[in-house]
Amino acid sequence: MRKAILVLICVMIAISFGACVQSEKNAQSGEPMQSVVDCIGRQVMLPQNVDRIAATYSPSGHITVMLGHGADIVATSNGLQRDKLLHEICPEIKNASVVKVSGDFNIEELVALKVDVVFVSHDMYLDEKAMGKLDEVGLPYVVVSFNSIEQQKNLVRVIADVLNETEEAQVYIDFYDKVIAQISAVHEQRIEADVMVYHSINEAVNTVGPNSLPEDWMRVAGGIDVSLGGELTMDEDKYFTTLEQILIWDPQVILCNVDTTHEYINEQAAWKNMQAVKNNRVYLMPVGISRWGHTTSTETPLAIVWTAKTLYPEAFAGVDLSALMREFYFELFEYEISDEQIEQILSGEGMRLGKDLE
């Protein structure tokens, strides 16, 4: 009992000391400060030069690397440690401490790392207990939130403001706008009927919800997402349908972002009478730095192009996806991908470590 009490006292001393260090750095050292408005409109005071970053939400880590500050990430979530291509681009990520697994922070580790800013998801922000820990030790945090293409662009601007990289952010936004304009121009000339699509996210019956990034980019790609025309149920922040409902929708194309789900849909007898399965139009989406087209994917512009070409191969035959991939990774991540890497990314397989990171 005495030992346990002693350990608790040591932890509290460490937290208090860390808070004092943070306060000293931000308020008494004379270091220039800046005011940043995060994705939900909060005004946050941060050091002018942020050089120790806790990216506890994967998109913030991807964007931080994209903006040239990957080496400044000293703390991550478990999810960020699973992205193989990200580790190729920024090997330092592998050395960052994992301070968030599932739904809670390792607050002692965050304090010990003396981070300048913690990027947190909107869901985590709604967890009063977790945010109370950050407030208690005086760690400033920036809320990361986006559910549409425009909000995703704004997220990049917010993180760029934190890192003083507004010009680099504009490169991403310009690429995004160029892709949308290119795809929209082809759609204006397209004569085929719009394709009905079922988009499976993670699990076979886990799908796209309303007012989401996947809903937004699917519209640009030219697909009609069948799940938005039916009743869905929610479990935490995920939307689910039923096999019976999918059979009624009978989509022409099914998109999957997990290889095991792709195999399941193609192999299970219950799915075999859907026209997408009968016509061999069940597709596994690519995986690069992140899973293309996922609710949190930084590679959404590439997902738009891939989906448009997948749904309408003839209309988009002249759009060179491989060239756009080379441009995206080189211009935005200063990384030159090989032909072999392009092939593997497009296959959607083998690009992420398992949850046990093996």
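Anything mentioned here points back to the structure above.
One numbering rule holds for all chains: residues counted from 1, following each sequence as written. Reporting in this predicted model follows two pLDDT cut-offs: at least 70 for local features of residues, and 80 or more for side-chain atom pairs to be given and counted; totals over whole chains, interfaces and linings ignore these cut-offs and use all residues. Computation of side-chain values: all heavy atoms of the structure, hydrogens and water removed.

1. Concerning the pairing of strand β14 (residues 253-256)
Burial here depends on accessible area, computed with a 1.4 Å probe over protein chains only, as a share of the maximum for the residue type. Under 20% is buried, over 50% is exposed, and the range in between is partly exposed. Under the scheme used here, helices are H or I runs from DSSP no shorter than 4 residues and strands are E runs no shorter than 2 residues, and both carry numbers assigned from the N terminus. Side chains of β14 alternate between two faces, with V253 and L255 and I254 and C256 buried alike. When DSSP locates at least two bridges between a pair of strands, those strands are taken to pair. Sheet analysis places strand β9 (residues 195-200) next to β14, joined by 4 bridges and oriented parallel. Bridge pairing in β14 places S200 opposite C256. With 3 bridges joining them, β14 and strand β15 (residues 282-284) adopt parallel strand pairing. Across the sheet, residue I254 finds its bridge partner in β15, namely V282.

2. Considering the pattern of salt bridges
The rule for a salt bridge is simple: a side-chain nitrogen of Lys or Arg has to be within 4 Å of a carboxyl oxygen of Asp or Glu. On inspection of all chains with the given rule, the structure shows 9 salt bridges. The partner of R42 in a salt bridge is D38, with the nearest N and O atoms 2.6 Å apart. Taken individually, R42 and D38 each receive the classification buried, so the pair is uniform in this respect. The salt bridge partner of D177 is K153, with a shortest N-O separation of 2.4 Å.

3. A few points about helix α14 (residues 321-333)
Taking 1.5 Å as the rise per residue, α14 with 13 residues should run 18 Å; its terminal C-alpha atoms sit 17 Å apart, in good agreement. Next to the buried residues of α14 lie α2 (58-66), α3 (84-89), α8 (166-189), α13 (300-311) and α15 (339-347). Pairs of N or O atoms are called polar contacts if they sit within 3.5 Å, as long as, within protein, a hydrogen donor faces a hydrogen acceptor (for residues adjacent in sequence, only side-chain-to-side-chain pairs). A side-chain oxygen of the first residue of α14 lies 3.2 Å from the backbone nitrogen of S322; this N-cap is D320. Multiplying 1.5 Å by the residue count of a helix minus one yields the expected span of that helix. Whether two residues touch is decided by their heavy atoms; if any such pair falls within 4.5 Å, the residues are in contact.

4. Some thoughts on the side chain of T207
As for its position among the elements, T207 is in strand β10 (residues 206-207). Judged by relative accessible area, which is 3%, T207 ranks as buried. In this structure the side chain of T207 is engaged in a polar contact, spanning 3.5 Å, whose partner is the side chain of S227. Residues within four places of T207 in sequence aside, it is in contact with Y198, H199, I201, S227, L232, Y239 and T241.

5. Let's talk about the nonpolar core
Residues enter a nonpolar core if they are buried and are Ala, Val, Leu, Ile, Met, Phe, Trp, Tyr or Cys, with the set joined through side-chain atoms within 4.5 Å. Formed by 75 residues in total, the largest nonpolar core has its most connected members in V162, W292, I304, M325, Y329 and F333. Once residues lying within four places of it in the same chain are set aside, the contact partners of V162 are Q34, V36, L46, V50, V117, F119 and V142. Membership of the second largest hydrophobic core comes to 20 residues, among which are A54, V99, V118 and L139.

6. Details of unusual backbone geometry
Residues other than glycine seldom take positive phi values, yet K114 does so here, at roughly 55 degrees. Within the secondary structure, K114 sits in the loop between α4 (107-113) and β7 (117-121). The phi angle at N164 is positive, at roughly 60 degrees, despite the residue not being glycine. Residue position: N164 is located in the loop between α7 (149-163) and α8.

In short, shape yes, function no, at least from these values alone.
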